[in-house]
2 protein chains.
Amino acid sequence: MARYVVDVMPKPEILDPQGKAVLGALPRLGFDGVLDVRQGKRFEVEVDGDASEETLAEVRKMAETLLSNPVIEDYSVSEHQP
Amino acid sequence: MARYVVDVMPKPEILDPQGKAVLGALPRLGFDGVLDVRQGKRFEVEVDGDASEETLAEVRKMAETLLSNPVIEDYSVSEHQP
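Remember, it's a predicted structure, so these values are computed and weren't measured experimentally.

Calculation notes
- Residues numbered from 1 in each chain as written.
- Chains lettered and ligands numbered in written order.
- Predicted model: local features only at pLDDT ≥ 70, side-chain atom pairs only at ≥ 80, totals over all residues.
- Heavy atoms only, no water.
- Contact = heavy atoms within 4.5 Å.
- Buried area = accessible area lost by both parts, 1.4 Å probe.
- Salt bridge = Lys/Arg side-chain N within 4 Å of Asp/Glu carboxyl O.
- Polar contact = N/O pair within 3.5 Å; in protein donor to acceptor, adjacent residues only side chain to side chain.
- Helix = DSSP H or I, 4+ residues; strand = E, 2+ residues; numbered from the N terminus.
- Nonpolar A, V, L, I, M, F, W, Y, C, P; charged D, E, K, R; others polar.
- Pairing = 2+ DSSP bridges.
- Buried < 20%, exposed > 50% of the residue type's maximum accessible area, 1.4 Å probe, protein only.
- Least-squares fit on C-alpha atoms with pLDDT ≥ 70 in both.

The next thing to look at is the interface of chain A and chain B. With 30 residues of chain A at the interface, the matching set in chain B holds 30 residues. Considering only the side of chain A, the residues that lose the most area to chain B are Phe31(A), Arg42(A) and Glu44(A), jointly responsible for 21% of the buried surface there. The tally of links from chain A across to chain B stands at four salt bridges. Linking Arg38(A) and Glu44(B) is a salt bridge whose minimum nitrogen-to-oxygen distance equals 3.1 Å. The interface formed by chain A and chain B contains 12 residue pairs in polar contact (both at pLDDT 80 or more). Elements that contribute at least two residues to the side of chain A that touches chain B include exactly β1 (2–10), α1 (17–28), β2 (34–47) and α2 (53–67) of chain A. A per-element tally of the side of chain A that touches chain B places β2(A) first, with 14 residues. Residue classes in the side of chain A that touches chain B are distributed as 16 nonpolar, four polar and 10 charged. In this sheet, strand β2 (residues 34–47) of chain B lies alongside β2(A) in antiparallel orientation, the contact comprising 13 bridges. Residue pairing in the sheet places Val34(A) in a bridge with Val47(B) of β2(B).

The following block contains the structure:
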């Protein structure tokens, strides 16, 4: 069984309202000096079989077609480090 | 300027409806052999000043108080690797 992490973040040029909402709330909770906050999604995907180039390529395809919206989001895939 | 990544995932014992929805959709898109999918949040937080034990501790407090719900979620904080 292989486990991968898919990180999906808004493209830098795309407005990130969730991140801005968090950025706005932090000073009200007493946290100063925060310059920016960006919020995205993190997936942990478990696939049958051992980690290999094939399983990595398969998870990349999942990221491209379902887990992210390539028009507004960037994604990266890595093997899960326990 | 220091940048940190905060990963927030549902605790293993907590039902993860978003992850289950993705798990259910993957076979319909032709992806077989997926055993499990868990979905969480990823934050990139930029703070003033250089990375230090103090800034790391500050971001941990943000994760504990605002970015995650410690009752149902686990979080981890790491320095952003560009």
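Scanning the entire structure with this criterion turns up 18 salt bridges over all chains. The closest approach of N and O atoms between Arg42(A) and Glu44(A), which form a salt bridge, is 2.9 Å. One exposure class covers both Arg42(A) and Glu44(A), and it is buried. Across the salt bridge formed by Lys61(A) and Glu58(A), the nearest N and O atoms sit 3.8 Å from each other. Of the two residues, Lys61(A) and Glu58(A) both sit in helix α2, three residues apart, roughly one turn of that helix. When salt bridges that share partners are traced, they join Arg3(A), Arg42(A), Glu44(A), Glu46(A), Asp7(B) and Arg38(B) into one network.

This part is about the relation of the copies chain A and chain B. Between chain A and chain B, the superposition needs a rotation of 180° and an axial shift of 0.0 Å, giving an RMSD of 0.0 Å. In short, the pair behaves as if placed about a two-fold rotation axis. The C-alpha atom lying nearest the rotation axis in chain A is that of Lys41(A); the distance is 2.2 Å.

A word on the environment of Val34(B). With respect to the helices, strands and loops of the structure, Val34(B) is situated in strand β2. With 36 residues separating them in the primary sequence, Val34(B) and Pro70(B) have C-alpha atoms 28 Å apart. The contact partners of Val34(B), leaving out residues within four places of it in the chain, are Val45(A), Glu46(A), Val47(A), Met62(A), Leu23(B) and Leu26(B).

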